[in-house]
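Residue-level structural notes
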Amino acid sequence: MYLVVGATGMVGGAVCARLAAAGRPVRALVRASSDPAKVQRLREAGVETVVGDLREPGSLDAACVGIDAVVATVSAMPFSYAAGVNDIETTDRQGMLELVRAAAGAGVRHFSYLSFSGNLDRDFPLRNAKREVEGALAGSGIEHTILRPSCFMEVWLGPAVGFDPANGAATIYGSGEAPISWIATSDVAAFAVASLTHPGARNAILELGGPRPIPPLEAVRIFETAFGRPIAVSHVPVEALDAQVAAAVDPMQRSFAGLMRCCADGDAIEMGSTSGLLDEPLTTVEAFAGQVAAAAATPV
Ligand SMILES: NC(=O)c1ccc[n+]([C@@H]2O[C@H](COP(=O)([O-])OP(=O)(O)OC[C@H]3O[C@@H](n4cnc5c(N)ncnc54)[C@H](OP(=O)(O)O)[C@@H]3O)[C@@H](O)[C@H]2O)c1
């Protein structure tokens, strides 16, 4: 039995769907407050659900009973964030450390943890929590995989961060010339599933990107082609990003500012033999842009 923690999220949901479609038994940890429609979709896909929370260690011990392998994709940032209640300290750091402890106690064979790219390496709370959990997992004695994807296409090439081709506008952090290995969440999920059994993922850190690193300005041109219209680019200069980092007070702001500053530095990942873990080709930015343009052209 596989346990997916973060199953109502983008990547965790896709991991559950892949495992269930392959006929592998899956248990999803969902919260009492999770969206009922998402929980229902998991059940309809044949996934067993158990109610728990990373902030409630007893619920993690119970969820890990009889589990062969864990996939953990949880983050409180940004959708589940509640300062001092469900945040980077309580959930991304302490909660995830509790899950590693519970998995070790239950004799789980393998633990795949969704961290982020090693190039995202400035000092901010989310990065520090990720690296601390990576260290705890590596020292836990459990066979493990640390998945370190670059920027998700669905997030960093989307309107939430100002990349809005449907409205002909894109905000670019920094010069836009430093390449980033944008990766689709479906590919992250595919790597997470592969990591559970592939010998190349055993006790490994996998830096994960798409098929090729692409500078943000080139991504804008790709979306212009897909949408058949020009996109107005506005830059947030590095100096403004540095000022944002210096002015940020709470851990969420500091983490967002740190991530944006890291994006300006670029995040190029040489996939090498890692792409061999998948049987399918990685999603290109061109294909993703085509999907976004097609969805924008479809009447609701
Ligand atoms: N965005 C990027 O570009 C990027 C890049 C690299 C790595 N990552 C990492 O990828 C991971 C997955 O991202 P995603 O987009 O799938 O996240 P997401 O859609 O925001 O999902 C977050 C999940 O965490 C759950 N969660 C939040 N607080 C919890 C708690 N206290 N106990 C148990 N579950 C809790 C949520 O459950 P509810 O539905 O109940 O709130 C949800 O299932 C994150 O760890 C993120 O740091 C992201």
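Cut-offs used in this document
Residues numbered from 1 in each chain as written. Predicted model: local features only at pLDDT ≥ 70, side-chain atom pairs only at ≥ 80, totals over all residues. Heavy atoms only, no water. Near = heavy atom within 4 Å. Polar contact = N/O pair within 3.5 Å; in protein donor to acceptor, adjacent residues only side chain to side chain. Areas by Shrake-Rupley, 256 points an atom, 1.4 Å probe, with all protein chains shown as cover. Pairing = 2+ DSSP bridges. Helix = DSSP H or I, 4+ residues; strand = E, 2+ residues; numbered from the N terminus. Buried < 20%, exposed > 50% of the residue type's maximum accessible area, 1.4 Å probe, protein only. Lys, Arg positive; Asp, Glu negative; His and termini not counted. Salt bridge = Lys/Arg side-chain N within 4 Å of Asp/Glu carboxyl O. Contact = heavy atoms within 4.5 Å.

**What about the site of the ligand?**
- Neighbouring the ligand are 28 residues, the closest being T8, S34, S80, N86 and K130.
- N86 has a polar side-chain atom sitting 2.7 Å from a nitrogen atom of the ligand.
- Between K130 and the ligand, the recorded distance is 2.8 Å, taken from a side-chain N or O atom to an oxygen atom.
- A total of 930 Å² of accessible area belongs to the ligand in isolation, and the protein chains cover 90% of it.

**Quick look at the pairing of strand β8 (residues 169–173)**
- As paired strands, strand β7 (residues 163–164) and β8 are joined by two bridges and run antiparallel to one another. Considered in β8, the bridge of D164 is made with A169.
- Connecting β7 to the next strand, β8, in antiparallel fashion are four residues, including G168 with a positive phi near 70°.
- Of the pairings in the sheet, the one linking β8 to strand β10 (residues 232–236) comprises five bridges and is parallel in character.

**Observations regarding the side chain of D267**
- Its place among the elements puts D267 in the loop between α10 (251–265) and α11 (285–297).
- For the buried D267, which has no salt bridge, the nearest side chain bearing the opposite charge is R131, at an N-O separation of 8.3 Å.
- One polar contact links D267 to S117, side chain to side chain, over a distance of 2.8 Å.
- Those residues in contact with D267 that sit more than four places away from it in its chain are S117, N119, L120, S150, C151, P179, I180 and S181.

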